[in-house]
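# Inside the fold
In case you want the letters, here they are:
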Amino acid sequence: MINVVHTVKETRDQVNEWKAHGLSVGFVPTMGYLHEGHQSLIKKAVEENDKVVVSIFVNPMQFGPTEDFESYPRDLQADARLCEETGADLIFNPEAEEMYTDGFCSFVDMSGPTKELCGKSRPIHFRGVCTVVSKLFNIVTPDRAYFGQKDAQQLSVIRRMVRDLNIPVEIVGCPIVREKDGLAKSSRNTYLNEEERKAALILSKTIFMGQELVNNGMTDAKALINAMKENILTEPLAKIDYVEVVDFDDISIKDTIEGNTLVAMAVYIGKTRLIDNFIVTDKQLDTANKHGL
Ligand code: AMP
């Protein structure tokens, strides 16, 4: 059975032993309740590193007071099975007290890229994410760390943090894994009842629609946002938090869709807040232009 440890010391001891043997270490930070999205990150980490650490920690610091920290789904046994099957070597599963010892008062905060999108509706979220990810990087000291494009703003923020603070780790972004019908896989999908699960398809449908509009030559961000919002509102259970077009590097609002543009949305289906996005690359725009659109 895969080794599951709960303390910083055990994690450090294991990683130090590997490093003494010259082995490379890949790291996949998660909040658990693992699915094929997480698994794709672990798989890539296993391919690219000698040893792989997965952290499972529902980080209280990144949840607002009215958010779902208490109800967030947890299943360590199933998670351990998935990690083992996928070839991970160690799970770090600390209690909150292990991460935030008495008197904890140091934080990693970021301005710029955390202001828009999820940062607007979740004001303390990225401070919690940056703080916990920095701590995890200091504990695990990985060569590479794997993050999903599902949380595209988070990926961009972590890349910025690592650059700004000279953290010696390579950040590897991984594509969104979806259910067969298109819905982006998420631990939060378990909150949806049958009717909501059907309604949630409006997110991926709108993402695919937006992608097609861009592929067909739409470059005006407002026009794209309006078309996408209109489509979301055809679903009575959906309530829009945001649909935005931003630069993928610094998450600043863009008026025109050029290369490296992130088109992102957050939508409530009932009480469940879901996110989805797509990234417009230079190559994609070149293809649209070549078609004379
Ligand atoms: P979470 O457990 O939700 O904090 O996610 C842990 C990591 O898994 C993050 O880097 C997420 O972006 C990534 N992830 C979650 N869902 C997906 C998905 N459907 N496809 C790709 N990566 C994902």
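Residues numbered from 1 in each chain as written. Predicted model: local features only at pLDDT ≥ 70, side-chain atom pairs only at ≥ 80, totals over all residues. Heavy atoms only, no water.

### Observations regarding the pattern of salt bridges
- This model, assessed by the stated rule, comprises 15 salt bridges.
- Between Glu48 and Lys44 there is a salt bridge whose closest N-O contact spans 2.9 Å. Residue Glu48 and its partner Lys44 are located together in helix H2 (residues 36-48), separated by four residues, close to a single helical turn.
- We classify Lys44 as partly exposed; its relative accessible area is 27%.
- Several salt bridges converge on common partners, so that one network encompasses Glu36, Glu179 and Lys185. (Salt bridge = Lys/Arg side-chain N within 4 Å of Asp/Glu carboxyl O. Helix = DSSP H or I, 4+ residues; strand = E, 2+ residues; numbered from the N terminus. Buried < 20%, exposed > 50% of the residue type's maximum accessible area, 1.4 Å probe, protein only.)

### Structural notes on empty space enclosed by the protein
- According to the stated counting rule, one finds one cavity of 30 Å³ or more in the structure shown.
- In this structure, the largest cavity spans a volume of roughly 40 Å³.
- Take the lining of the largest cavity: its biggest share by element is three residues, from strand S9 (residues 272-280).
- Among the residues making up the lining of the largest cavity, the classes are represented as five nonpolar, two polar and two charged. (1 Å grid on protein atoms, 1.4 Å probe; cavity = no way out; pocket = protein on both sides within 12 Å on 5 of 7 lines; lining within 4 Å. Points joined across faces, edges and corners; volume = space filled by probe spheres on them. Nonpolar A, V, L, I, M, F, W, Y, C, P; charged D, E, K, R; others polar.)

### Some remarks on the layout of surface pockets
- Each pocket or cavity is described by its volume, and for the second largest pocket that value is around 260 Å³.
- Taken together, 18 residues form the lining of the second largest pocket, with Ile56, Val58, Arg74, Asn93 and Pro94 sitting closest to its centre.
- Counting residues per element, the ones that place at least two in the lining of the second largest pocket are helix H3 (76-86) and helix H4 (96-99).
- Its residues placed into classes, the lining of the second largest pocket shows ten nonpolar, three polar and five charged.

### A closer look at the sheet that holds strand S7 (residues 238-247)
- Taken in spatial order, the three strands make up an open sheet running S7-S8-S9, and their pairing is antiparallel. Each edge of the open sheet is held by one strand with a lone partner, namely S7 and S9. Averaged over all neighbouring strand pairs, the angle between strand axes comes to 15°, with direction disregarded.
- Where strand S8 (residues 261-269) and S9 come together, nine bridges link them in antiparallel fashion. The residue bridging Thr261 from the neighbouring strand is Val280, located in S9.
- Each of S7, S8 and S9 touches helix H9 (residues 201-215); the most contacted strand, S9, lies at about 20° to it. (Pairing = 2+ DSSP bridges. Axes fitted to C-alpha atoms, helices over the stretch in contact; angles between N-to-C directions. Contact = heavy atoms within 4.5 Å.)

### Some remarks on the site of the ligand
- Every one of the 17 residues lining the ligand counts as a neighbour, but His38, Gly148, Asp151, Val177 and Lys185 are closest to it.
- Between the ligand and Val177 there is a distance of 2.9 Å, counted from a nitrogen atom to a backbone nitrogen or oxygen.
- Between the ligand and the protein, one listed contact pairs a nitrogen atom with a backbone N or O atom of Lys185 at 2.8 Å.
- About the coverage of the ligand: the protein hides 93% of its 490 Å² of free accessible area.
- Residue assignment for the shell around the ligand shows that the elements contributing at least two residues are strand S2 (25-30), H2 and strand S5 (144-148).
- In terms of residues, the shell around the ligand owes the most to one element, H2, which gives three residues. (Near = heavy atom within 4 Å. Polar contact = N/O pair within 3.5 Å; in protein donor to acceptor, adjacent residues only side chain to side chain. Areas by Shrake-Rupley, 256 points an atom, 1.4 Å probe, with all protein chains shown as cover.)

### A closer look at the pairing of S9
- Of all nine residues that make up S9, nine are buried, and the element is covered over most of its length.
- Burial along S9 is two-sided: Thr272, Leu274, Asp276, Phe278 and Val280 facing one way and Arg273, Ile275, Asn277 and Ile279 facing the other are all buried.

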